[in-house]
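Listed below, chain by chain, are the residues.
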Amino acid sequence: MPRVANLDGFDPMKKLLPALALLSLCTSAWLAPSSASAVPKMDVKVAVGVGSTTFVSKVPTIDLYSGGPDNPVFEGTVGGTQPATFTNWGLMLSARVRAGKVFGEIGIGFSRFYFEVSEELVLIAELEGDPLVGLLLGETARMNSLEIPMTAGYVPYANPYFKLFLYGGLVNTFNIRGFVDLNGNRKALKFKPHDVPGYPIAIYIAGARLGVQFDLGPLNFDFNYTINMNSATKTEFRTNTHVFKMFLGWLF
């Protein structure tokens, strides 16, 4: 049946067809599958890192006297805040899952920090009534640890070649075994964390971590800071730790 225009020369089909085409286009865009950037993507990362570990022991303040009880002579005060910074390094294997602008990451790694048997450590042992037997003044000791970081964060910028990640989360650290270097023997003395006289190191330390990392092709650069939530030592006084690490990783 032929189409008939109205008396004013207006043909309704000429206006209806563009409207239907626009409606079809909008519907197709709305029903289209999500873009590839929103599809979850997992990266496996192997990384090596170095940094620093700072122990801040809040030792009770004690006044020292000499000359005996009949003629005491004030020699000074010991205790208070005792910061000491040592180097650390570690290896990490982790899996990172990213979906759009958010991501989560979990890993497992080996970590080691070094510390020196200092006069402060010997003094703490004496104050605790437990002389530093076995650990010699001035010798280098090291502690091996197992780390399990669990973090999540936000991706503020990403392109095919560069991605930026901001994150935070929990780091579970399990101190396993310590060693003392003596006369060239790197394992002259073996000890467990809680066996350090007067300064027993906690076996488990929970840490709050904040960090930033970025991908440059298959390379990953990670900079983070961790502060402990429980005392790093099993002593009457609290010991805080401030751990900085820089990791260089390869993405698979």
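On a predicted model such as this, the values are computed, not experimentally measured, just so you know.

## Things to note about the overall build of the protein
Then, in step 1: Broken down by element type, the protein carries 2 helices and 9 strands.
Then, in step 2: Going residue by residue from the N terminus, the α and β elements of the protein occur as α-β-β-β-α-β-β-β-β-β-β.
Then, in step 3: When the accessible surface of the protein is totalled, it reaches about 14700 Å², and 67% of it is carbon and sulfur.

## Some remarks on the nonpolar core
Then, in step 1: In this structure, F55, F113, F115, A141, M143, F191 and Y199 are the most contacted members of the largest nonpolar core, which totals 16 residues.
Then, in step 2: Those elements that place two or more of their residues in this core are β1 (41–66), β3 (102–116) and β4 (140–158).
Then, in step 3: Those residues in contact with F55, other than ones at most four positions away along the chain, are Q82, P83, A84, F86, F113, Y199, A232, T239, N240 and T241.

## Re a nonpolar patch on the surface
Then, in step 1: Taken together, the side chains of V46, L93, I108, W250 and F252 make up a nonpolar region of the molecular surface, amounting to roughly 520 Å² of accessible area.
Then, in step 2: Position of V46 among the secondary structure elements: in strand β1.

## Quick look at the pattern of salt bridges
Then, in step 1: Within the structure shown, the criterion is met by 7 salt bridges.
Then, in step 2: Here D43 and K41 are joined by a salt bridge, their closest N and O atoms 2.7 Å apart.
Then, in step 3: Accessibility expressed as a relative area gives 9% for D43, which makes it buried.
Then, in step 4: Accessibility expressed as a relative area gives 42% for K41, which makes it partly exposed.
Then, in step 5: For the salt bridge of K45 with E105, the shortest nitrogen-to-oxygen distance reads 3.0 Å. With K45 in strand β1 and E105 in strand β3, the pair connects residues that are 60 residues apart, well separated along the chain. Side by side, K45 and E105 carry an identical accessibility label, which is buried.
Then, in step 6: Beyond isolated ion pairs, a larger network of salt bridges with shared partners links K41, D43, R96 and D215.

## Quick look at the confidence of the model for the protein
Then, in step 1: Counting all residues, the mean pLDDT for the protein is 81, and 72% of those residues have values of 70 or more.
Then, in step 2: Counting contacts from residues 1–7, a segment whose pLDDT is below 50, to residues more than four positions away or on other chains yields 3 contacts.
Then, in step 3: Note that residues 27–34 has pLDDT below 50 and, in this model, 0 contacts with residues that lie over four places away or in other chains.

## Re the pairing of strand β7 (residues 204–216)
Then, in step 1: Where strand β5 (residues 162–182) and β7 come together, 13 bridges link them in antiparallel fashion. Residue pairing for β7: G168 is matched across the bridge by L210.
Then, in step 2: Where β7 meets strand β8 (residues 219–228), 10 bridges bridge the pair, whose relative direction is antiparallel. When the bridges of β8 are listed, V212 appears paired with F223.
Then, in step 3: Two successive antiparallel strands, β7 and β8, enclose a turn made up of 2 residues, where G217 displays a positive phi of approximately 65°.

## Focus on the packing of aromatic side chains
The description of two aromatic rings rests on the distance between their centres and on the angle between their planes.
Then, in step 1: The full count for this structure, using the stated rule, is 11 aromatic pairs.
Then, in step 2: Between F113 and F115, the aromatic rings sit 6.0 Å apart at their centres with planes inclined by 35°, giving tilted as the arrangement.
Then, in step 3: Residue F113 is classed as buried on the basis of its relative accessible area of 8%.
Then, in step 4: Judged by relative accessible area, which is 8%, F115 ranks as buried.
Then, in step 5: Look at F174 and Y204: their rings are 5.2 Å apart centre to centre, the planes differ by 45°, and that puts the pair in the tilted class. On the criterion of sequence distance, the pair formed by F174 in strand β5 and Y204 in strand β7 is long-range, its members being 30 residues apart.

## With respect to the environment of V243
Then, in step 1: As for its position among the elements, V243 is in strand β9 (residues 239–251).
Then, in step 2: Accessibility expressed as a relative area gives 13% for V243, which makes it buried.

Thresholds, definitions, all that
Residues numbered from 1 in each chain as written. Predicted model: local features only at pLDDT ≥ 70, side-chain atom pairs only at ≥ 80, totals over all residues. Heavy atoms only, no water. Helix = DSSP H or I, 4+ residues; strand = E, 2+ residues; numbered from the N terminus. Areas by Shrake-Rupley, 256 points an atom, 1.4 Å probe, with all protein chains shown as cover. Core = buried A, V, L, I, M, F, W, Y, C linked by side-chain atoms within 4.5 Å. Buried < 20%, exposed > 50% of the residue type's maximum accessible area, 1.4 Å probe, protein only. Contact = heavy atoms within 4.5 Å. Patch = residues over 30% accessible without salt bridge, like charges linked within 9 Å, V, L, I, M, F, W, Y side chains within 5 Å. Salt bridge = Lys/Arg side-chain N within 4 Å of Asp/Glu carboxyl O. pLDDT = per-residue confidence, 0-100. Pairing = 2+ DSSP bridges. Phe/Tyr/Trp six-rings, centres within 6.5 Å; stacked < 30°, edge-to-face > 60°.

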